Amino acid sequence: MTRPKHVEVRDLRLAYGTKEVIHGITFDIHRHEILGVIGPAQSGKTSLLRCLNRTIDFTPEAHVSGIVKVDGEEVRRTRDVYGLRRKIGMVAPLPVGLPISIYDNVAFAPRCAGMSRKADLDAIVEQCLRQAALWEEVKDRLSSLGTKLSGGQQQRLTIARALSHQPEILCLDEFSIAIDPVTTMRIEDVLKELRSHMTVILVTNLTQQARRLADRTMFLWNGDIIELDSNAVIFSDTPKDRRTHDYVNGIFG
Amino acid sequence: MKPDTPALFTETALVRRKYRQETVAKWVFFVMAAAMIIPLLLIVGYLMVKAAPSLTLGFLLDVPVRGMTEGGIWPAFVGTIYLVFISLAISAPIGILAAVYLNEYARDNWFNRVINLAVINLAGVPSIVHALFGLGAFVYAARFGYSILSASLTLAIMTLPVIVASTREALASVPRSFREACWNVGATRWQTIRAVVLPNSISGILTGVILQVSRAAGETAPIMFTGAVFYKAIEKGDLFAYGLHEQCMALSMHLYTISTQVPGVKESIPYATAVVLLGSVLLVNAAAIALRVYMRSRTKW
Amino acid sequence: MSARPKPGPAPARPQEPSPPAPEAYSFAVRSARRPAWSVWGERALEGAIYLCGISAIIFVLSIFFFVFKEAAPVLVGGEFSLTEFLFSPEWYPTSEENKRYGVLAMLAGTFSVTALAMVLAVPFGLGAAIYISEFCGSKLKETLKIVIELLAAIPSVVWGFVGLTVMSKLIVTYTGAPVGVNILNGGLILALMSVPIIVSIGEDSLKAVPDSYREAGVALGATKWQLVRRVLLPAAKNGLLAAVLLGVGRGVGETMAVLMATGHAVQIPHGILDSVRTLTANIAAELGEAPAGSDHYRVLFLTGVLLFSLTFVVNLGADLVVRGIRKK
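Definitions and limits used
- Residues numbered from 1 in each chain as written.
- Chains lettered and ligands numbered in written order.
- Predicted model: local features only at pLDDT ≥ 70, side-chain atom pairs only at ≥ 80, totals over all residues.
- Helix = DSSP H or I, 4+ residues; strand = E, 2+ residues; numbered from the N terminus.
- Buried ≥ 20, exposed ≤ 12 C-beta atoms within 10 Å, placed from the backbone.
- Contact = placed C-beta atoms within 7 Å.
- Pairing = 2+ DSSP bridges.
- Nonpolar A, V, L, I, M, F, W, Y, C, P; charged D, E, K, R; others polar.
- pLDDT = per-residue confidence, 0-100.
- Axes fitted to C-alpha atoms, helices over the stretch in contact; angles between N-to-C directions.
- Parallel < 35°, antiparallel > 145°, perpendicular 65-115°, else oblique.
- Left-handed = near helix turned anticlockwise from the far one by under 90°.
- Core = buried A, V, L, I, M, F, W, Y, C linked by C-beta atoms within 7 Å.
- Domains from an automatic or database assignment.

Caption draft 1: Layout of the overall build of chain C. Tallying secondary structure elements over chain C gives 13 helices and two strands in all. Within chain C, the proportion of its 328 residues that are buried is 46%. Long-range contacts, defined as pairs at least 24 residues apart, comprise 73% of the intrachain contacts of chain C with a sequence gap of at least 6.

Caption draft 2: Focus on the environment of Thr165 of chain C. Position of Thr165 of chain C relative to the elements: it lies in helix H6 (residues 156-175). Separated by 96 residues in the primary sequence, Thr165 of chain C and Ala261 of chain C place their C-alpha atoms 8.9 Å from one another.

Caption draft 3: Expanded view of the interface of chain B and chain C. On the side of chain C, 66 residues touch chain B, which itself brings 67 residues to the contact. Ranked by residues supplied to the side of chain B that touches chain C, first place goes to helix H1 (residues 13-51) of chain B with 17 residues.

Caption draft 4: Spotlight on the sheet that holds strand S4 (residues 62-70) of chain A. All names here are of chain A. Overall, antiparallel pairing links the four strands, which are arranged S2-S1-S4-S5 in an open sheet. For this open sheet the edge positions go to strand S2 (19-30) and strand S5 (73-74), each flanked by a neighbour on one side alone. Relative to S4, strand S1 (residues 5-16) is paired through eight bridges, and the arrangement is antiparallel. Residue pairing for S4: Arg10 is matched across the bridge by Ile67.

Caption draft 5: Region of interest: the interface of chain A and chain B. Counting from both sides, the interface comprises 24 residues of chain A and, opposite them, 18 residues of chain B. Classifying every residue of the side of chain A that touches chain B gives 15 nonpolar, six polar and three charged.

Caption draft 6: Local environment of the confidence of the model for chain C. All names here are of chain C. With 90% of its residues at a pLDDT of 70 or more, chain C has an overall mean of 82. Between the elements of chain C, mean pLDDT differs from a low of 75, seen in helix H1 (residues 28-31), to a high of 91, seen in helix H2 (residues 36-76). Contacts for the low-pLDDT stretch residues 1-24, under 50 throughout, to residues beyond four places or in other chains number 15 contacts.

Caption draft 7: Fine view of unusual backbone geometry. All names here are of chain A. The phi dihedral of Gln166 is positive, around 50°, even though this residue is not glycine. Note on placement: Gln166 falls in the loop between helix H6 (151-164) and strand S7 (169-173). With 24 C-beta atoms counted inside 10 Å, the residue Gln166 sits in the buried group. Positioned with a positive phi, Glu174 is a non-glycine residue whose angle comes to about 45°. Within the secondary structure layout, Glu174 lies in the loop between S7 and helix H7 (181-194). Glu174 sits in the buried class, given 20 other C-beta atoms within 10 Å.

Caption draft 8: Structural detail: the pairing of S1 of chain A. All names here are of chain A. As judged from the nine bridges shared by S1 and S2, these two strands associate in the antiparallel manner. Paired with Lys5 across the two strands is His30, which belongs to S2. Where S1 hands over to S2, the hairpin turn is made up of two residues, of which Gly17 adopts a positive phi near 65°.

Caption draft 9: Up close: the sheet that holds S7 of chain A. Residue and element names in this part refer to chain A. Spatially, the six strands line up as an open sheet ordered S6-S7-S8-S3-S9-S10, and their pairing is mixed. One side of each edge strand has no neighbouring strand; the edge strands of this open sheet are strand S6 (88-91) and strand S10 (224-230). When strand polarity is set aside, the average angle formed by the axes of neighbouring strands in this sheet is 15°. As defined by bridge partners, strand S3 (residues 34-38) adjoins strand S9 (residues 216-221) across four bridges and the pair is classed as parallel. If you follow Val37 over to S9, its bridge partner there is Met218.

Caption draft 10: Looking closely at the packing of helix H8 (residues 211-219) of chain C against helix H9 (residues 224-235) of chain C. All names here are of chain C. For the pair H8 and H9, the least separation of the axes is 10 Å and the interaxial angle reads 160°. Comparing their axes, H9 and H8 come out roughly antiparallel. Every pair of crossing elements has a handedness; the one defined by H8 and H9 is right-handed. Here Tyr213, Arg214 and Gly217 of H8 lie close against H9, whose contacting residues are Leu227, Val231 and Ala235.

Caption draft 11: Geometry of the packing of helix H3 (residues 102-113) of chain A against H6 of chain A. All names here are of chain A. Closest axis-to-axis distance for the H3/H6 pair is 7 Å, and the angle between their directions is 25°. Considered as vectors, H3 and H6 are oriented roughly parallel to each other. The element H3 and its partner H6 pack so that their crossing is right-handed. Contacts between H3 and H6 involve Ile102, Asn105, Val106, Phe108, Ala109 and Pro110 from the first element and Leu157, Ala160, Arg161 and Ser164 from the second. Split by residue class, the contact of H3 with H6 holds seven nonpolar, two polar and one charged.

Caption draft 12: Looking closely at the nonpolar core. The biggest cluster of nonpolar side chains holds 274 residues, and the ones touching the most others in it are Cys171, Ile201 and Leu202 of chain A together with Ile189 and Ile198 of chain C. Of the domains in this structure, domain 1 (6-54) and domain 2 (57-297) of chain B are the two that each give at least three residues to this core. In this view, Ile189 of chain C contacts Trp159, Val162, Gly163, Met167, Ala257 and Ala261 of chain C; residues no more than four positions away in its chain are not counted.

Rendered as structure tokens:
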């Protein structure tokens, strides 16, 4: 591969207490690609994302070793962890509308970063809500509570919030488990548009979703990478590893 | 067992005994619960009846006369208000911030376990030991003398655990997912607390502050030797009667004094004082409970 | 969900500006910087939060320090003997020629009143906790919990006053005791005061027993009573023990109520109708008359150190027990 590396992971190990959940994995993510991450529950997908933006720091018993580089900068040595987190947009599995207004939900991250001009904030709020395909539904009630939206709307609000700090990398962690298929399709359309200016890591339990959207897909199982290759290989009849074939075709998992 | 025989559902002697046992158990426990509530109601009722001759607005606004054997309780009432609010002004910020530390910043290590232990211990220190501490530390060592300041500081430290405990509970009730959502977008811990945690726990914190008011108002021992006096002459109805470095009367202390130390007090006066003290404390508590119930009914998530 | 436009690509999208090219994509947020006052203000505030966080340690240590500091000179004075202090029942602090400072009688007073209070309060408190947690409907439950909260809020001086007036009259009438202020009176009052703690912590620990235990019990056809006895009480054992310990802590440390209700006689009691004086009441009664700096004054502070240590041990025990539950 000649494309520039956006994220480099080298021998990443993660243990909660004495239980190791990621056993030394190594991979790269290229700029402006969509990387699908598939694998059964408990295989370390969410933990991997939390190592990327270092929110793993908030789990006291977690112990991380190995190297994670974003833009060539090692995340565990970074001077500005908040800047790092703003570089990475994170969408959690369950939609979380913060109990503040819709406007404040989206303007929260820019404000934390230090932006305070109303005009700038207004522009960002509108841009992000449009990108998340939510603007038309909420533009008349930006001051109502984020928690009062429906589940699907809250998930799009979460995406808008993840975009609000203008990340270079967008991580989606099983974003579709709490929303209906129609909303899922709309968000997938959104993702296709976003890929032109950001790298997307799509963790999903729906292998077909990874097949539809991703350029490359990684099969993570029990904290090990079983296979990471382009979709053409992973979803072919002859992936390198038999287990990938079985998982993708629903024979186990 | 044959599931299709109707005999399964008829009462056997064993089943009847089980039901009887259950009913008996229920009533025994009910009586136990009632045994602590009914005496209380009777006592409150009795206090009210005995106090009735003195319970007027004038009693509240008057000053005690004839060696405290007659008259009202105004100086004591005002003194209590002073003590409560000054102690509150000291302990509420410290207590709230301490709870924020314990709930939001502290990791689970030995040092923070020691802090937890200290809070629990502070709650368990006998009130008279607080009084000794106040006397040794504020009256003598800090040279504040016997004053409202010394008494309020003593009260503040004594009631600190109340507010720490209730604030922690309020903070802990804010779901962790909100905090994680904030951390994910690059908010610092404090930005997270300011934007999401505090606004959603403010009612619980307020409840704690109100509970602290009622606790501070009722305490006697800690103020007895640090700033409260048996008698101090002030103007009837004067709200700004005391200075920070003066001694004051207090309702709880006044009740103790007139019921044990002063002979020949008109019979209904101690009862009325007790009713006023009890009534204020319970009223404040009821307000806290009402606030909590109201806020719980309109949670935002 | 009903107001959503029809599925598929949203109709609004064609009018939207086409997504900006990577170059045009603004990174205004990333170049934004927080103003210095905001960063430093946050740091200062976090410093204050940390200070307040450790304040509890500072306060506990300084309570011990200042109380001990006032007491210490008497320990090295020579005339005072710690053995006599702990094991002699003779308390004559104001005697002219032969001052004696023995707190055994007061210790006996404290323990007898506390023990009686616990004998009364523990069964009733735990019974009430079980009733509230397992037997009553949710409306009644809420009401009872509020009543208990109010019960816990009653100031100790009011309890003392009740002991002095209502309870002592009742005791004189029904037992024929010469005075109504005695161990029985103090014990009853203290029991009424400790019950709310025992109930609320006991109820918490019963609530902490997972519902699956209850469901399993009910599925096996157990009655509520069998459920309580065979499943809940063993499972909640530690919490109930902690509740009792905290009740003891409250009993040992209570001042005003026992000061007014136990009758002030410095003696080793022989029956529950004897008057006694507790450690706390002794300090409250005599501190006002002991000249600052005198041996008498210092011995009272030493009594404070003793009380502090007693309650420390009891509370530590309760905390360890509670921690034991959480670990599980």
